[in-house]
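Coordinate inspection notes
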Amino acid sequence: EPEVTQTPSHQVTQMGQEVILRCVPISNHLYFYWYRQILGQKVEFLVSFYNNEISEKSEIFDDQFSVERPDGSNFTLKIRSTKLEDSAMYFCASSDARVPGELFFGEGSRLTVL
Amino acid sequence: EDKVVQSPLSLVVHEGDTVTLNCSYEVTNFRSLLWYKQEKKAPTFLFMLTSSGIEKKSGRLSSILDKKELFSILNITATQTGDSAVYLCAVERGDDKIIFGKGTRLHILP
């Protein structure tokens, strides 16, 4: 069964460093998302991406964050200068246009900022 | 401000019991309500509800939406230990943004 894959599964970084989280969405999906979940808290929307551009972003998604679809398969989230409060599980998700609410989530990338 | 509120936050029952999880919402430009199950890591999709009063069913799980009162319930009958998880309610807006509730942590005792 097709699935969303994310790498790395866990990354530990120093505050101020740049981090790139990678995702390979399901191949025929058109909508891509990043969510994050701080330990013990709710899943929070960061950004949605469609047709090679950001379609919606939350107030969390400030200038430190950027997304890219550099080729036909990868979807990346970059955090330019990490802060302690960026420590969280970051989930990539994708969906197709027929059932946009049915998100397929990756297993997540745990980011720990020291 | 849009919000999705789930109750209870946590629930412990014995195997075989029936549970009802609640979700209320205040969201502009409502498109659909979604239920997800989150076990160890990634949430997995359960249901999408768009119309009031129509029950969606999948095995022992069922869900219904009330768009007038702005809530949904998720029922699980004859619970099993494998049902232990966090159940997330989310609302999808017309601009594709999906807002999640904090989840209900369900623990099924053998």
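It should be emphasised that the depicted structure is a prediction, and the values quoted were computed from it without experimental measurement. Numbering of residues begins from 1 in every chain and follows the order in which that chain's sequence is written. Labels are handed out in written order, letters beginning with A for the chains and numbers beginning with 1 for the ligands. Since the coordinates come from a predicted model, pLDDT governs what is reported: local features require at least 70, and pairs of side-chain atoms require 80 or more to be given and counted, while whole-chain, interface and lining totals use all residues. Excluding hydrogens and water, the side-chain figures rest on all heavy atoms present in the structure.

Elements are defined by DSSP. Helices are runs of H or I of four residues or more, strands are runs of E of two residues or more, and each kind is numbered from the N terminus. Regarding its fold elements, chain A presents zero helices and eleven strands. Along chain A, helices (α) and strands (β) appear in the sequence β-β-β-β-β-β-β-β-β-β-β when read from the amino end. Only C-alpha atoms enter the radius of gyration; for comparison, a globular chain is expected to reach 2.2 Å times N to the power 0.38, where N is the number of residues. Relative to the globule expectation of 13 Å for 114 residues, the C-alpha radius of gyration of chain A, 13 Å, shows essentially globular dimensions. Burial classification: accessible surface area is computed with a 1.4 Å probe over protein chains only, and a residue below 20% of its type maximum counts as buried, one above 50% as exposed, and the rest as partly exposed. When the 114 residues of chain A are sorted by exposure, 47% land in the buried category. A fraction of 54% describes how many contacts in chain A between residues 6 or more apart in sequence connect residues 24 or more apart. In this description, accessible areas are obtained by the Shrake-Rupley approach with a 1.4 Å probe, and a residue is regarded as covered only by the protein chains that are shown. Of the roughly 5,700 Å² that chain A leaves accessible, carbon and sulfur atoms contribute 45%. The average position of the 10 basic charges and that of the 16 acidic charges among the side chains of chain A differ by 4 Å. Contact between two residues is taken to exist if any of their heavy atoms lie within 4.5 Å; hydrogens are not considered. Within this scheme the basic residues Lys and Arg register as positive and the acidic residues Asp and Glu register as negative, but His and the chain ends are omitted. Lys charges are placed at NZ, Arg charges at CZ, Asp charges at CG and Glu charges at CD.

Moving on: the sheet that holds strand 3 (residues 19-24) of chain A. Residue and element names in this part refer to chain A. One open sheet accounts for four strands, arranged 1-3-8-7; its pairing is antiparallel. Two strands close off the open sheet at either side, each with one partner strand: strand 1 (5-7) and strand 7 (65-68). Neighbour to neighbour, the strand axes of the sheet diverge by 20 degrees on average, direction disregarded. A pair of strands is treated as paired once DSSP finds two or more bridges between them. Bridge analysis of strand 3 against strand 8 (residues 75-79) gives five bridges, and the strand direction is antiparallel. When the bridges of strand 8 are listed, Ile-20 appears paired with Lys-78. A fitted line through C-alpha atoms represents every axis, and for helices the fit uses only the stretch in contact; the resulting angles, taken between N-to-C directions, go from 0 to 180 degrees.

Here the term cavity refers to a set of points on a 1 Å grid, laid over the protein atoms alone, in which a 1.4 Å probe fits but cannot get out; the term pocket refers to an open set having protein on both sides within 12 Å along at least five of seven lines, with lining residues being those that place an atom within 4 Å of a point. Grid points are joined across faces, edges and corners, and a volume is the space filled by probe spheres set on the points. Roughly 460 Å³ of internal volume is contained in the largest pocket. In this structure, the largest pocket is lined by 22 residues; those nearest its centre are Gln-37, Gly-40 and Gln-41 of chain A together with Val-86 and Arg-105 of chain B. Secondary-structure elements contributing two or more residues to the lining of the largest pocket are strand 9 (88-95) of chain A together with strand 9 (85-93) and strand 11 (104-109) of chain B. Examining the composition of the lining of the largest pocket, we find that three residues originate from one element, strand 9 of chain B, more than from any other. Put simply, Ala, Val, Leu, Ile, Met, Phe, Trp, Tyr, Cys and Pro go in the nonpolar bin, Asp, Glu, Lys and Arg in the charged bin, and everything else, Gly too, in the polar bin. When grouped by side-chain class, the residues that make up the lining of the largest pocket number eight nonpolar, seven polar and seven charged. Quantified by volume, the second largest pocket comes out at close to 370 Å³.

All names here are of chain B. Whenever Lys or Arg places a side-chain nitrogen within 4 Å of a carboxyl oxygen from Asp or Glu, that contact is recorded as a salt bridge. Scanning all chains against the criterion turns up seven salt bridges over all chains. Close ionic contact of Lys-3 with Glu-26 constitutes a salt bridge, the shortest N to O distance being 4.0 Å. With Lys-3 in strand 1 (residues 3-7) and Glu-26 in strand 3 (residues 19-26), the pair connects residues that are 23 residues apart, well separated along the chain. By relative accessible area, Lys-3 is classed as partly exposed at 42%. Residue Asp-83 is joined to Arg-60 by a salt bridge in which the shortest nitrogen-to-oxygen separation is 2.8 Å. One end of the pair, Asp-83, is in the loop between strand 8 (71-76) and strand 9; the other, Arg-60, is in the loop between strand 6 (56-58) and strand 7 (61-66), and 23 residues separate them in sequence.

Here the focus is the environment of Ala-88 of chain A. Residues and elements named next belong to chain A. Summarising the element assignment, Ala-88 is placed in strand 9. The sequence separation of Ala-88 and Leu-111 amounts to 23 residues, and the corresponding C-alpha distance is 5.5 Å. Sequence-distant contacts of Ala-88, that is, excluding residues within four places in its chain, are made with Arg-36, Gln-37, Ile-38, Ser-109, Arg-110 and Leu-111.

What follows is about the interface of chain B and chain A. Contact with chain B, which involves 19 residues of that partner, is made by 20 residues of chain A. The three residues of chain B that bury the most area against chain A are Lys-41, Lys-97 and Phe-100 of chain B, which together make up 31% of that side's buried surface. Ionic pairing is found between Glu-56 of chain A and Arg-93 of chain B, a salt bridge with its closest N-O pair at 3.9 Å. N or O atoms closer than or at 3.5 Å make up a polar contact, with two conditions inside protein: a donor-capable atom paired with an acceptor-capable one, and, for residues adjacent in sequence, both atoms drawn from side chains. Our count for the contact surface shared by chain B and chain A stands at two residue pairs in polar contact (both at pLDDT 80 or more). As used here, buried area is the combined drop in accessible area, with a 1.4 Å probe, of two parts when they are placed together.

Purely geometric stuff here, so don't read any function into it on its own.
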